[in-house]
Amino acid sequence: MSKRKWRRGPHIQSLDELARQDMVCWWDKPTPKGWFLSWQFRMAVNAIGSNGVVFYAMPYGITTRFSDEEVIRAERRLRTAPSLDGRRELVRLLNEWDRGHGDVDDVIDKIQDSRRENNG
């Protein structure tokens, strides 16, 4: 039996976020993008939100002090790929830059400042 690659994360709140994902968890089952792109619009609207059944698919077995919601916020701000490798790399990057104080936005600011210094 293969190792798990995904675990259920927080609720997806918008159709934009749903469309941006390569993989989601439908209830607790990892489900690829192609499956949910064929849904009718009404079904998709009913499936998202805080009472919905669609959740972010978060990498299984990696740890960080940041919540899943903060990791998703970092993904949006740093424009990393919403894929297994992209999220693993993002958590690695956050852990590398984290000094144990402040929130995820402080860590993202440090990463972005460093990138600006290296590019300019």
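Bear in mind the structure is a predicted one, so any value in this text is a computation, not a measurement.

## Side note on the sheet that holds strand 3 (residues 29–32)
The strand order across the open sheet built from four strands is 1-4-2-3, with neighbouring strands paired in antiparallel fashion. Every other strand in the sheet has two partners, leaving strand 1 (6–11) and strand 3 as the edge strands with one partner each. On average, adjacent strands in this sheet sit at an angle of 50° to one another, irrespective of strand direction. In this structure, strand 1 lies alongside strand 4 (residues 54–59), joined through four bridges in antiparallel fashion. Each bridged residue has a counterpart across the sheet, and for His-11 the counterpart in strand 4 is Phe-55. Across the sheet, helix 5 (residues 84–97) touches strand 1 and strand 4, and the angle it forms with strand 4 is around 60°.

## Brief notes about the side chain of Asp-68
Assignment of secondary structure puts Asp-68 in helix 4 (residues 68–78). Given a relative accessible area of 18%, Asp-68 falls into the buried group. A polar contact is formed between the side chain of Asp-68 and the side chain of Arg-7, at a distance of 2.8 Å.

## Here we look at the nonpolar core
Within the largest apolar cluster, 25 residues are counted, with the highest numbers of intra-cluster contacts made by Ile-12, Leu-18, Trp-39, Val-54, Val-71 and Leu-94. Where this core is concerned, the elements lending two or more residues are helix 3 (41–47), strand 4, helix 4, helix 5 and helix 6 (104–119). In this structure Trp-39 touches Leu-18, Trp-26, Ala-44, Ala-47 and Val-54, once residues within four positions along its chain are discounted. Formed by six residues, the second largest nonpolar core is a distinct cluster that contains Met-23, Cys-25, Phe-55 and Leu-84.

## Re helix 6
In a regular helix each residue adds 1.5 Å, so 16 residues correspond to 22 Å; helix 6 covers 23 Å between its end C-alpha atoms and thus fits that length. Among the residues making up helix 6, those that are buried are Val-104, Val-107, Ile-108, Ile-111, Gln-112 and Ser-114. The buried residues of helix 6 all sit within an arc of 155° when viewed along its axis, so they share a single face. Seen from the open side of helix 6, the exposed residues pointing more than 90 degrees away from its buried face are Arg-116 and Glu-117. N-cap assignment for helix 6: the residue whose side-chain oxygen lies 3.1 Å from the backbone N of Asp-105 is Asp-103.

## Concerning the packing of aromatic side chains
For any pair of aromatic rings, the description rests on two quantities: the centre-to-centre distance and the angle between the ring planes. If you walk through the whole model with that rule in mind, you get one aromatic pair. Directly above the ring of Phe-55 sits Arg-8, whose terminal nitrogen or CZ lies 3.9 Å from the centroid.

## Brief notes about the pairing of strand 2 (residues 23–26)
Looking at chain direction, strand 2 and strand 3 are connected through four bridges and run antiparallel. Note on strand 3: the bridge partner recorded for Met-23 is Pro-32. Hairpin connection, strand 2 to strand 3: the antiparallel pair is bridged by two residues, and Trp-27 has positive phi, about 60°.

## Let's talk about unusual backbone geometry
Here the phi dihedral of Trp-27 falls at roughly 60°; this positive angle occurs in a residue that is not glycine. Mapped onto the elements of the fold, Trp-27 is located in the loop between strand 2 and strand 3. Notably, Arg-79 is not glycine yet its phi reads approximately 55°, a positive angle. Overall, Arg-79 belongs to the exposed group, its relative accessible area being 74%.

Definitions and cut-offs
- Residues numbered from 1 in each chain as written.
- Predicted model: local features only at pLDDT ≥ 70, side-chain atom pairs only at ≥ 80, totals over all residues.
- Heavy atoms only, no water.
- Pairing = 2+ DSSP bridges.
- Helix = DSSP H or I, 4+ residues; strand = E, 2+ residues; numbered from the N terminus.
- Axes fitted to C-alpha atoms, helices over the stretch in contact; angles between N-to-C directions.
- Contact = heavy atoms within 4.5 Å.
- Buried < 20%, exposed > 50% of the residue type's maximum accessible area, 1.4 Å probe, protein only.
- Polar contact = N/O pair within 3.5 Å; in protein donor to acceptor, adjacent residues only side chain to side chain.
- Core = buried A, V, L, I, M, F, W, Y, C linked by side-chain atoms within 4.5 Å.
- Expected span 1.5 Å × (residues − 1).
- Arc of directions from axis to C-beta.
- Phe/Tyr/Trp six-rings, centres within 6.5 Å; stacked < 30°, edge-to-face > 60°.
- Lys NZ or Arg CZ within 6 Å of the ring centre and 35° of its normal.

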